[in-house]
Amino acid sequence: MPRRTSILKTAAIYIGILIFVAFFFFPILWMIVTSIKLPRDMFSLGVLPFIQFEPTLKHWHSELVTVGAENRHALINSTIIGLSSATISTVLGILAGYALARYEFKKWKNIDIITWFLSLRFLPAISVAIPFYILVKTAGLLDTHIAVIILHSAFFLPYSVLVLRDAFKSLPREIEEAAMVDGASPSTILWRIAVPLIAPAIVAVFILLFSFSWNEFLFAFLLTSKVAVTMPVHIAGSVTTIGVLFYTLSVRQLLAIIPPVILALFIQRYIVSGLTLGAIKG
Amino acid sequence: MGGRVVKPKFTVYHLFLAIPVLYALSLVIFPLVYSAAISFTNWKLGIPTYEFVGLRNYIDEFHDYRFWNSLRVTFLITAGAVPVEIILGLIIAVLMSHQIKLRGFFRSILLIPLFTSPVAIALMGEVVMYEAGGPINGYLKLLGLQPISWRSSATMAPWTVVIWDVWEWTPFCFLIFLAGIQAIPRVYYEAAEIDGASGFQIFKSITLPMLKYPLITVTMFRLVDTLKIFEIPFVLMAGGGPGIATEVQSVYIYKAGFRGFQFGAASAYSMVFLIIVMVIMMIFIRRVRSYYA
Amino acid sequence: MPSENEKMENNLLNLNKRVSRRAALSTAAKVGITAVVCGVVAGVGGYFAGSAAAPPKTVTKTVPTTVTATKTVGAATVTETVTKTVTKTVPTTVTATVATTPTTPTGKLFEGVKITGATLAGGPKGAISSVLYHYRPIFKELTGADLDIVELSFADLPVKILADLTTGAGKYDFFVPCSNIMGDLVAGGYVWELDKWMKDPRFPKWDPDSVPYAVAQCSRWGGHWYGVPWDSDAWYLNWNMRYMDKVLRDKDKRREFKDKYGYELNPYKWYRDRELTWQKVRDMCEFFTGWDWNEDGEPDWGMIMGLRTGEQGTFWWEPFVAPFIVNPGPMMDRYHNILYYDPETMDPLVKSPGIVEGTKLFVEICTKFTPKAALTFTFAETWDYFLNKQKAMFTFMPPDTFTLVGNPEKSRMRGYLMTTPPPGSEVYYDLKEKRMVEKINLIGDPAGCHWHPWVSKLSKAPEAAYWFSAYVATPEQHRLTTASAYAWTGIDPGFLSDLLTDYGGTATLADYHLPGGFKDPGYPTAWYNEGDLRRAHIAVFNNWFAMDGQYNYHRIPGATAIFTIIDTHIIGEAIAAGVPVEEALYRCWKDINKVIDDYGRDKMKKWYHDAIGYGKPNPYKPRPWLWDDRVVPKDLIFE
């Protein structure tokens, strides 16, 4: 049931959204334009192909064909690592988030446990980089997917724990308590009742974790060299001593954006479900 | 509601919590201890031997004018970026919670910065803000305005970092807030509308309170993450430039370690940084503790 | 009776559950489909990639090549001529040359061996990495060995290499880093000494005598070779002849210059007569700043450099100040041929009067006659500004400038590029007498990275790695990498054999696809213009072989850290933040001292002595200055 909003208000909303969209999309637009410019025009001002500059597809050809194998390799690695670490983190976050939302721990107060999780984010990546390198090397896991997956899932865990805790907290307790009275175990309540109810938040968290893992640079860089190279590491390779090869960079970056965007396109609508359902009620 | 007389010591909830905690703890303990240990030595990359030097790394750091500069810069950028991201994220979430055409399309575009790796963002910033002819300065010139020294001016440079951090992270705030707003049951809004409340009142008395938790969570994350900001000052500003105008703590530590090869000293610097971050976050959490129960 | 709320919530719950399960399944399906689609796209792309890796079309020619080796004995030049018959396989798009190299009679030398080489990231056509990609199939063909190429970005190359060596990981058999870390590599004992392989007839023969002294010092330590020299990096001064000549032909402009500075504007003569100095360049930069001499409607600048902090800024500063402090002399003693440290005390010379004087001039040019945007420039933007936009009269850049100038995608200056070795100084600081002396001092510069390979002691196949490295350094191959058809390998010419035969080398105009007689067939037939090429080669020769003196590349352990220190204080603070020069240099001095003490002053002293050959005679002896009348407009030399 659409809200009755005045024309003025609707217009204001659209204008506001368009401004923000323009702000966020402009650099991407520039990447797209740069990816079809000749190297000589790399620093020129034109936006419209054919009118303001001569477009070329040779960078795309180069990235998809000549070095296509490396790009494909990096994309696949990023996808594997991203999906795996996001899944692990999400599941662990559901567990911890639910426990922290529904149970008052005695030994340590909940707020302290939450703070502890948050404190995992305090560590600057730089300081743990070398110890991790040595740890992973000793375990013989250098340049493997599993090493990066485990590290990512651990380091982004705080996001899923805290956000999902908030989501669980926002659920009215009555439903769960009714189920408990009926004799359901906490585990059943969690997975059969609570989780489906906060599906939008889980989806949001999954997207987040996937994107953090997708974009993570430092650990991926240090711990991989060939087999498990991810997209950001591969992109950084377009920074050479002769300067940034912006045409290479823009194509690679666009290639890197496409899979997560497709993923997001598919699942982000499920963040909406809460709203439309309320509307159906009538 | 209960009739339980004896609360069992280890419930399922303990198990739920234990698994993630142990997982994270086991991975974090070793590097932390190792880092702390190295910080008391003068280990350098390339030299296999090292000596124990006690607190000298720490003392040297407090005498280093660059340490203090980097603290100042880090705080400046954090104070500039975090409020902006949160407020903008909130505004966009509210806007996008309305039923408008092409909402899915807009939402996808607004989420793109989340999927853009920070390295690439910094490099994009290079082209877009190229001062001798990039698009932004170029369009400014067309409009008759003065081109801005985004990256070559020591006073402007930190704000350029703020701008790109805002670009990178506002979608994150937007996403969390949107999920939060979507979870608010419709009935509250309808009831308020029937009562004749204005949009702003609805926002103030329904949306904002219901977003209490996401707001605090997002603020905490953005605070701690922005303090650690790295790629944008490092890549876009070429290692904290111009000069040391954007040399944030992470860059300062990185340079000591990976450019100066002083891993002992760099570990000491990161321990100090860790403590600083912890202190700030503790202060913040103490403030919001009551809201968070 | 459930309340309204509870009923609604139950509805919500049920609807949620239903939708959720369906949604969950559908989502899983969609995620799965996405993955499959990506995989298919990638697979198709990979298929094309595989087929694109097929060898390009080739044309085979048999060409007798005369290889001329020029040795200087005393003042006379003795030429040895050796004629070899070389079979060239010349593809229409890519230059690949297979030279006849003796292989063992039993078959391929390193059949089944696999080695890994780490190098600068850049892809198959990028600087340095292109050399590895290019020679990979040739290497396989000639020796049967496989080469895996690992690309690393510039800043991370030294880190990853040293991490690999110190932790014993041994992932790289050889690596091609910036020579900054040479000290750490050799003093740490991580790389093999090459003498034994250099004598072994199984390996390709490269000519150590053709390598200029300063370049050799980037690979030699204590008299032994540890690296195979490839790249002869140096910073050269360039100016835009199109607009310089216009001004030189304009009597009013010349009078204006003379009135302002008291002497005639005469750059070509200065170069020819070994009088080109930074002081004169400073005046010229000032003269060309602030008015529109390139007809684009906006005022232009005198100089452009890449002054971004955190890049290679130190390489601009070092050759600039060298002529202010390096005292040429026949012995490597305490006062001669020194740039960085006093050999007896290891005291950094960075705040001595000569360097202060030089740095002041450097900072002046960089702040007053260079656009502010240069503070954000790395190489790419600088070349774009100079070669494409032509908004700066001078630039001071590595030799890639003269490989870029012929590329219409990047440059509009083809045919108008002037190249000279780094200017000297009108005054310099005499270290022994401790005073400034007024005498023109020209010092050659080895600034830059000198990319070349080192063989890791952790390698399990060091001989194969050496074979590869040596092959590229043989006169024939080296000439081809410095003159390849697509012109950008990043390996800069510097070996005597690289130069044109007119100038003592073995390269012919035909190698550059040039018909001779200064006729320009244009791009893409020829990448270079003959005038630009000749001027470049003359400058290369003069820089390496004819300057008054040379200094040693900074290569003790910790050089990388010191490189960063100088960059931070001088480029970052003195230029970008306006810190006074003396203060910036003092901070450098303090920080460098700290590095030295960290490593141990006595150890550093010993390394420094080994590195420069302290106490021994100076192997460098200047040769006659090279000049070719044909390469500059004769009417613009005002006697």
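To keep things clear, this report deals only with the structure shown in the data block. (Residues numbered from 1 in each chain as written. Chains lettered and ligands numbered in written order. Predicted model: local features only at pLDDT ≥ 70, side-chain atom pairs only at ≥ 80, totals over all residues. Heavy atoms only, no water.)

### Re the sheet that holds strand E15 (residues 454-455) of chain C
All names here are of chain C. Sheet architecture is open: 4 strands sit in the order E4-E3-E5-E15, paired in mixed fashion. The outermost strands of the open sheet, each flanked by one partner alone, are strand E4 (146-152) and E15. Judged from the 2 bridges that link them, strand E5 (residues 174-175) and E15 form a sheet pairing that is antiparallel. In the sheet register, Phe-174 faces E15, and the bridge partner there is Val-455. Lying over the sheet, helix H2 (residues 129-143) contacts strand E3 (114-120), E4 and E5, oriented at roughly 170° with respect to E4. (Pairing = 2+ DSSP bridges. Helix = DSSP H or I, 4+ residues; strand = E, 2+ residues; numbered from the N terminus. Contact = heavy atoms within 4.5 Å. Axes fitted to C-alpha atoms, helices over the stretch in contact; angles between N-to-C directions.)

### A closer look at the pairing of E3(C)
All names here are of chain C. For E3, the tally of buried residues reaches 6 of 7 residues, placing the bulk of the element in the interior. Sheet analysis places E3 next to E4, joined by 7 bridges and oriented parallel. Paired with Thr-116 across the strands is Asp-148, a residue of E4. Chirality of the crossover, the property in question, places the unit of E3, H2 and E4 among those that are right-handed. Of the strand pairs in this sheet, E3 and E5 are connected by 2 bridges, and their pairing is parallel. (Buried < 20%, exposed > 50% of the residue type's maximum accessible area, 1.4 Å probe, protein only. Right-handed = clockwise from strand over helix to strand, strands pointing away.)

### Section: a nonpolar patch on the surface
All names here are of chain B. Judged by side-chain polarity, Leu-22, Leu-25, Ile-29 and Val-33 come together as a nonpolar surface patch covering roughly 350 Å² of accessible area. For Ile-29, the position within the fold is in helix H1 (residues 12-38). Classification of Ile-29 by relative accessible area gives partly exposed; the value is 43%. (Patch = residues over 30% accessible without salt bridge, like charges linked within 9 Å, V, L, I, M, F, W, Y side chains within 5 Å. Areas by Shrake-Rupley, 256 points an atom, 1.4 Å probe, with all protein chains shown as cover. Salt bridge = Lys/Arg side-chain N within 4 Å of Asp/Glu carboxyl O.)

### A short note on the environment of C:Ile325
Residues and elements named next belong to chain C. Here Ile-325 lies in helix H11 (residues 314-325). For the pair Ile-325 and Glu-530, spaced 205 residues apart in sequence, the C-alpha to C-alpha distance is 36 Å. Beyond its immediate stretch of four places on either side in the chain, Ile-325 contacts Ile-338, Leu-339, Leu-349, Ser-352, Ile-355, Tyr-428, Tyr-429 and Leu-431.

### Some details on the nonpolar core
Grouped burial of nonpolar side chains is what soluble globular proteins tend to show. One finds A:Phe117, A:Phe168 and B:Phe172 to be the most contacted residues of the largest nonpolar core, which totals 399 residues. Among the domains, domain 1 (1-56) and domain 2 (68-276) of chain A are the pair contributing at least three residues each to this core. Apart from the residues lying within four places of it in its own chain, the contact partners of A:Phe168 are A:Ile94, A:Gly97, A:Tyr98, A:Ala101, A:Arg102, A:Leu190, A:Ala194, A:Val195 and A:Ile198. (Core = buried A, V, L, I, M, F, W, Y, C linked by side-chain atoms within 4.5 Å. Domains from an automatic or database assignment.)

### Brief notes about the side chain of B:Asn69
Along the polypeptide, B:Asn69 turns up in helix H3 (residues 65-96). Overall, B:Asn69 belongs to the buried group, its relative accessible area being 14%.

### Focus on helix H19 (residues 581-599) of chain C
All names here are of chain C. The terminal C-alpha atoms of H19 lie 27 Å apart, and with 19 residues this matches the ideal 27 Å at 1.5 Å per residue to within 8%. Among all positions in H19, only Val-581, Ala-584, Leu-585, Arg-587, Cys-588, Trp-589, Ile-592, Asn-593, Val-595, Ile-596, Asp-598 and Tyr-599 are buried. Looking one or two places after H19, you find Gly-600, whose phi comes out positive at around 110°. (Expected span 1.5 Å × (residues − 1).)

### With respect to the packing of aromatic side chains
Residue and element names in this part refer to chain C. Counted under the stated rule, the structure contains 77 aromatic pairs over all chains. Ring geometry for Tyr-341 and Tyr-608: centres 5.1 Å apart, planes at 85°, overall edge-to-face. Residue Tyr-341 is located in the loop between H11 and helix H12 (353-368), and its partner Tyr-608 is located in helix H20 (residues 601-612); the two are separated by 267 residues in the primary sequence. With respect to burial, Tyr-341 and Tyr-608 carry one shared label: buried. The aromatic ring of Trp-197 is capped on one face by Lys-196, whose charged end is 4.4 Å from the ring centroid. Here Lys-253 stacks its cationic end above the ring of Trp-291, 3.8 Å away from the centre of that ring. (Phe/Tyr/Trp six-rings, centres within 6.5 Å; stacked < 30°, edge-to-face > 60°. Lys NZ or Arg CZ within 6 Å of the ring centre and 35° of its normal.)

### Regarding the interface of chain A and chain B
In this complex, chain A contributes 100 residues to the contact, which on the side of chain B involves 100 residues. Both sides together, the interface formed by chain A and chain B hides about 9700 Å², and carbon and sulfur atoms give 79% of it. Seen at the junction of chain A and chain B, the total is 1 salt bridge. In this structure, the salt-bridge partner of B:Asp225 is A:Arg121, at a minimum N-O distance of 3.1 Å. Put simply, chain A and chain B have 10 residue pairs in polar contact (both at pLDDT 80 or more) between them. If one sorts the elements of the side of chain A that touches chain B by residue count, helix H1 (residues 7-35) of chain A sits on top with 17 residues. (Buried area = accessible area lost by both parts, 1.4 Å probe. Polar contact = N/O pair within 3.5 Å; in protein donor to acceptor, adjacent residues only side chain to side chain.)

### Some details on the state of the cysteines
All names here are of chain C. One pass over the full model with this rule turns up 1 disulfide over all chains. Each disulfide pairs two cysteine sulfurs, and for Cys-178 the partner residue is Cys-449, the sulfurs being separated by 2.2 Å. Taking the torsion about the S-S bond as the criterion, the Cys-178 to Cys-449 disulfide, at about -85°, is left-handed. Taken together, the residues span a long stretch of sequence, with Cys-178 in the loop between E5 and helix H4 (182-187) and Cys-449 in the loop between strand E14 (443-444) and E15 at a distance of 271 residues. By relative accessible area, Cys-178 is classed as buried at 8%. Residue classification places Cys-449 among the buried positions, given a relative accessible area of 1%. Of all cysteine sulfurs in the structure, the one in Cys-285 sits closest to Cys-366, which takes part in no disulfide; the separation is 9.3 Å. For Cys-366, a relative accessible area of 5% puts it in the buried group. (Disulfide = S-S within 2.5 Å.)

### Things to note about the packing of helix H3 (residues 68-102) of chain A against helix H10 (residues 199-215) of chain A
All names here are of chain A. Two numbers describe how H3 lies on H10: the axes approach to 8 Å, and their chain directions differ by 135°. For the element pair H3 / H10, the angle class is oblique. The hand of the H3/H10 crossing is right-handed. Residues Leu-75, Ser-78, Thr-79, Ile-81, Gly-82, Leu-83, Ser-85, Ala-86, Thr-87, Ser-89, Thr-90 and Ile-94 of H3 lie in contact with H10, whose contacting residues are Ile-202, Val-205, Phe-206, Leu-209, Phe-210, Ser-213 and Trp-214. Considering only residue class, the contact of H3 with H10 consists of 11 nonpolar, 8 polar and no charged. (Parallel < 35°, antiparallel > 145°, perpendicular 65-115°, else oblique. Left-handed = near helix turned anticlockwise from the far one by under 90°. Nonpolar A, V, L, I, M, F, W, Y, C, P; charged D, E, K, R; others polar.)

### As for unusual backbone geometry
Residues and elements named next belong to chain C. Here the phi dihedral of Gln-390 falls at roughly 55°; this positive angle occurs in a residue that is not glycine. Structurally, the position occupied by Gln-390 is in the loop between helix H13 (379-388) and strand E10 (392-397). Although it is not a glycine, Lys-434 adopts a positive phi angle of roughly 60°. As for its position among the elements, Lys-434 is in the loop between strand E12 (425-430) and strand E13 (435-441).

### Quick word on the sheet that holds E10(C)
Residues and elements named next belong to chain C. Sheet architecture is open: 4 strands sit in the order E9-E10-E8-E11, paired in mixed fashion. Of all strands in the sheet, those bounded by a partner on one side alone are strand E9 (301-304) and strand E11 (417-420). Pairwise comparison of adjacent strand axes, ignoring direction, gives a mean angle of 20° for this sheet. Inspection of the sheet shows E9 paired to E10 by 3 bridges, in the parallel sense. Within E10, the position partnered with Trp-301 by the bridge is Ala-392. Each of strand E8 (236-240), E9, E10 and E11 is contacted by H13, which is oriented at about 145° to E10, the strand it contacts most.

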